[in-house]
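Take a look at the letters that make up each chain.
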Amino acid sequence: MKKLIVLFAAVASFVGVTAMKDVQPEFKFEKETHDFGKIPQGKPVNVTLKFKNVGDQPLIISAVEPACGCTVAKYTQTPVKKGESGFVELTYNAAAVGVFTKATTIKSNSKEPVKTIIIKGEVVAAATSK
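Residues numbered from 1 in each chain as written. Predicted model: local features only at pLDDT ≥ 70, side-chain atom pairs only at ≥ 80, totals over all residues. Heavy atoms only, no water.

Here we look at the nonpolar core
In terms of nonpolar packing, the biggest core is built from 23 residues, with Phe29, Ile39, Phe51, Val88, Tyr92 and Ile106 touching the most fellow members. Listing elements by their share of this core, those giving two or more residues are strand E1 (27–29), strand E2 (33–40), strand E3 (45–53), strand E4 (61–66), strand E6 (85–92), strand E7 (98–108) and strand E8 (114–124). A total of 4 residues in this core trace back to one element, the largest contributor, which is E3. With near-sequence residues (within four places) excluded, phenylalanine 51 lies in contact with Phe27, Lys28, Phe29, Leu59, Ile61, Val80, Glu84, Ser85, Gly86, Phe87 and Val88. (Core = buried A, V, L, I, M, F, W, Y, C linked by side-chain atoms within 4.5 Å. Buried < 20%, exposed > 50% of the residue type's maximum accessible area, 1.4 Å probe, protein only. Helix = DSSP H or I, 4+ residues; strand = E, 2+ residues; numbered from the N terminus. Contact = heavy atoms within 4.5 Å.)

If you want it as structure tokens, here you go:
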């Protein structure tokens, strides 16, 4: 009888933990990568990546961390309720000529607590005027 009670408790705990994971908030980005294409040197560019909370609980972003100082992030600061939308805006300072790929990490209470989005493109030398 004691073994049966322990087994029942273990199964109930597993079911409870599994059920809790299904009600977490969850990102659904329109796109997770943005290609700027060719952009002029010395002119910052930005993109707004929109997402929807497709989970059952409010989605709270705790941090958005670009991989380098050349990218600045703004993002939805308030909890995003089930079915509502939010954004992550990235501004890239196109200082150095060449191809770039930059990752930005989003930390949240989502089912996937650490998510990475990517911006890429090619910085071309600015035209000089005579």
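So that's the structure; there's more coming.
Describing the pattern of salt bridges
Under the defined criterion, the tally for this structure stands at 5 salt bridges. Salt-bridge contacts for lysine 107 lead to glutamate 65; the nearest nitrogen and oxygen are separated by 3.3 Å. Here lysine 107, found in strand E7, pairs with glutamate 65, found in strand E4; they are 42 residues apart in sequence, far enough to count as distant. Taking the relative accessible area as the measure of exposure, lysine 107 reaches 32% and is therefore partly exposed. (Salt bridge = Lys/Arg side-chain N within 4 Å of Asp/Glu carboxyl O.)

What to know about the packing of aromatic side chains
Under the defined criterion, the tally for this structure stands at 5 aromatic pairs. The interplanar angle of 50° and the centroid separation of 5.3 Å between the aromatic rings of phenylalanine 29 and phenylalanine 51 together place this pair among those described as tilted. Note that phenylalanine 29 is positioned in strand E1 and phenylalanine 51 in strand E3, a separation of 22 residues in sequence. Its relative accessible area of 7% is what places phenylalanine 29 among the buried residues. Arranged with centres 4.0 Å apart and planes meeting at 20°, the rings of tyrosine 92 and phenylalanine 100 form a pair that is stacked. Each member of the pair, tyrosine 92 as well as phenylalanine 100, carries the same accessibility label: buried. (Phe/Tyr/Trp six-rings, centres within 6.5 Å; stacked < 30°, edge-to-face > 60°.)

Considerations on the sheet that holds E4
Taken in spatial order, the 4 strands line up as E2-E8-E7-E4 in an open sheet, and their pairing is mixed. Two strands close off the open sheet at either side, each with one partner strand: E2 and E4. Direction aside, neighbouring strands of the sheet carry axes that sit 20° apart on average. (Pairing = 2+ DSSP bridges. Axes fitted to C-alpha atoms, helices over the stretch in contact; angles between N-to-C directions.)

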